[in-house]
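One-letter residues, chain by chain:
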Amino acid sequence: MVLESAGSQVSLQRCADLVILSDTPKGRGVFATKHIPSRTIIDVCPVLVVEAEADLKLIERTCLNHYTYNWSIVDPKGHRRVVQAVVFGLGSMFNHSREDQNVGWERDAERGIITYRALRLIKAGEELCISYGGRLTFVDADDNSTTYNEGDGIEQLNQIQLD
Ligand SMILES: C[S@@+](CC[C@H](N)C(=O)[O-])C[C@H]1O[C@@H](n2cnc3c(N)ncnc32)[C@H](O)[C@@H]1O
């Protein structure tokens, strides 16, 4: 098939050397089956930006609340707002590591995608983790001293900080 509007295409790419393991201390997680060199693209994930207040309140009351990302937008009046984004693909499967995250992301708001890359060499058997930011709403399995933080309104809406 010949695609005519190549300018609006998003090339997809996912590292093949990955599995999802269940029953880890963090629930399901993404693990490397082979060494993954630094800077390797791990996944290119499309996002669904959720802006409507009614939808945001609904998300807050569902299990989706544990998966959405903060997403900063500028509304038609020029005001910056933080709304939520549902990230499809592995972007919703990465667990949090405060001190040893090995995956970073780059957000392309215009094209509605996030590209995840290896921040360093990831060894076979290692879990791929991102950082959710400083304030978590769950007990961090890596840190026995962390206590549950109910957060303020913003944090309760999401768990993953993009900015
Ligand atoms: C975006 S999901 C990640 C995938 C999730 N583990 C699953 O099984 O679907 C975020 C949830 O994973 C869990 N999680 C992520 N990082 C964690 C960590 N460092 N310690 C404990 N649980 C974690 C928390 O339950 C959190 O709400």
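Residues numbered from 1 in each chain as written. Predicted model: local features only at pLDDT ≥ 70, side-chain atom pairs only at ≥ 80, totals over all residues. Heavy atoms only, no water.

(A) Structural view of the overall build of the protein chain. Helices and strands together make up the secondary structure of the protein chain, namely two helices and nine strands. Taken from N to C terminus, the helices and strands of the protein chain fall in the order β-β-β-α-β-β-β-β-β-β-α. Burial status across the protein chain gives 39% buried among its 163 residues. (Helix = DSSP H or I, 4+ residues; strand = E, 2+ residues; numbered from the N terminus. Buried < 20%, exposed > 50% of the residue type's maximum accessible area, 1.4 Å probe, protein only.)

(B) Focus on the confidence of the model for the protein chain. Summing up the model confidence of the protein chain, the mean pLDDT is 89 and the portion of residues at 70 or higher is 84%. Every residue in residues 146-157 scores below 50 in pLDDT, and together they form 21 contacts with partners more than four places removed in sequence or on other chains. (pLDDT = per-residue confidence, 0-100. Contact = heavy atoms within 4.5 Å.)

(C) Quick look at the packing of aromatic side chains. Under the criterion given, the structure shown has four aromatic pairs. For the pair Tyr69 and Trp105, a centre-to-centre distance of 5.8 Å together with 65° between the ring planes defines the contact as edge-to-face. Taken together, the residues span a long stretch of sequence, with Tyr69 in strand E4 (residues 69-74) and Trp105 in strand E7 (residues 103-108) at a distance of 36 residues. On the basis of relative accessibility, which here comes to 0%, the residue Tyr69 falls in the buried class. Ring geometry for Tyr132 versus Phe138: centroids 5.9 Å apart, planes at 80°, classification edge-to-face. One aromatic cluster in this structure is built from Tyr69, Phe94, Trp105 and Tyr116. For the cation-ring pair, Arg107 lies above Trp71, with the distance from its terminal atom to the ring centre recorded as 4.6 Å. (Phe/Tyr/Trp six-rings, centres within 6.5 Å; stacked < 30°, edge-to-face > 60°. Lys NZ or Arg CZ within 6 Å of the ring centre and 35° of its normal.)

(D) Seen up close, the sheet that holds E7. Read across the open sheet, the five strands follow the order E4-E5-E3-E8-E7; overall the sheet is antiparallel. In this open sheet, the two strands that pair with only one neighbour each are E4 and E7. Pairs of neighbouring strands in the sheet enclose a mean axial angle of 40°, with direction left out of account. Across five bridges, the pairing between strand E3 (residues 41-50) and strand E8 (residues 113-118) is antiparallel. Residue pairing across strands places Pro46 opposite Ile113, the latter belonging to E8. (Pairing = 2+ DSSP bridges. Axes fitted to C-alpha atoms, helices over the stretch in contact; angles between N-to-C directions.)

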